[in-house]
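# Tertiary structure, described
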Amino acid sequence: MVKPVDVIERPVGMPWSWGATDQEIAADYPCSGRLSGPVIALHRAIDVAASAEVTFRWLCQLKHGTYSYRLLGGGPRVLTPGADELALGQQLMIFQLVDFLPGEHLTGEIQPELVSRYGALTCTYAVRPTGDSSCRIVVRIEIAVPTPARRLSALALAWGDLVMMRKQLRVLRQLAESS
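Summary of the structure given here. Since the model is a prediction, treat every value here as computed from it, not as a measurement.

## Considerations on the nonpolar core
Grouped together as the largest cluster of nonpolar side chains are 41 residues, with contacts concentrated most on Leu59, Leu62, Tyr125, Ile137, Val139 and Ile141. Residue assignment for this core shows that the elements contributing at least two residues are strand S3 (39-48), helix H2 (52-60), strand S5 (95-101), strand S6 (105-110), strand S7 (121-131), strand S8 (134-144) and helix H4 (148-178). Residue contributions to this core peak at 9 residues, all from H4. Within the second largest apolar cluster, 7 residues are counted, among which are Ala20, Ile25, Cys31 and Ala126.

The following block contains the structure:
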């Protein structure tokens, strides 16, 4: 995995980080190194009292909804048959799947038609086992910030993402734990 040369920072504290440990913030992720120029990394993480296998299966459901606020496309509350059949190019919310390892991570890049609205973004959803029936979901989002204006917009994006992703991770945790 290649680390971006121009990582501006991996700031901690809200809105840049929620729930992630120092080790998770410092770790490499499959989304790292996919963007050129300076980037800012966001981190979100949550403990899940369910196996990594079950939790990853729920991450695959992101093909069918945001699992955040229901008004914004909540997603089915039962596992969809075949959702874990992954292929490069599949849509996961605003991302296209560019890399995955079953049971471990989903990595996406923002869909090309959305770059003008949000800027260049990459994202990895990783499942990290912490025991036989427990794990963590750790998410890294990297945002390209080639200009001061994009850096400022990254702050607004970080706050909006924090609100949405915090809800998303809590919903996914609840669904995995009740499976």
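Having seen it, we continue.
## With respect to the side chain of Arg57
On the secondary structure map, Arg57 appears in helix H2. Here the side chain of Arg57 touches Thr80 through a polar contact of 2.5 Å, landing on its backbone oxygen. Arg57 has contacts with Leu79, Thr80, Pro81, Gly82, Ala83 and Asp84, leaving out every residue within four places of it along the chain.

## Some points on the packing of H2 against H4
Packing of H2 against H4 brings their axes to within 9 Å, and their N-to-C directions diverge by 130°. Our classification of the angle between H2 and H4 gives oblique. In terms of crossing hand, the pair formed by H2 and H4 is right-handed. Here Val54, Thr55, Trp58 and Leu59 of H2 lie close against H4, whose contacting residues are Leu172, Leu175 and Ala176.

Conventions we followed
Residues numbered from 1 in each chain as written. Predicted model: local features only at pLDDT ≥ 70, side-chain atom pairs only at ≥ 80, totals over all residues. Heavy atoms only, no water. Core = buried A, V, L, I, M, F, W, Y, C linked by side-chain atoms within 4.5 Å. Buried < 20%, exposed > 50% of the residue type's maximum accessible area, 1.4 Å probe, protein only. Helix = DSSP H or I, 4+ residues; strand = E, 2+ residues; numbered from the N terminus. Polar contact = N/O pair within 3.5 Å; in protein donor to acceptor, adjacent residues only side chain to side chain. Contact = heavy atoms within 4.5 Å. Axes fitted to C-alpha atoms, helices over the stretch in contact; angles between N-to-C directions. Parallel < 35°, antiparallel > 145°, perpendicular 65-115°, else oblique. Left-handed = near helix turned anticlockwise from the far one by under 90°.

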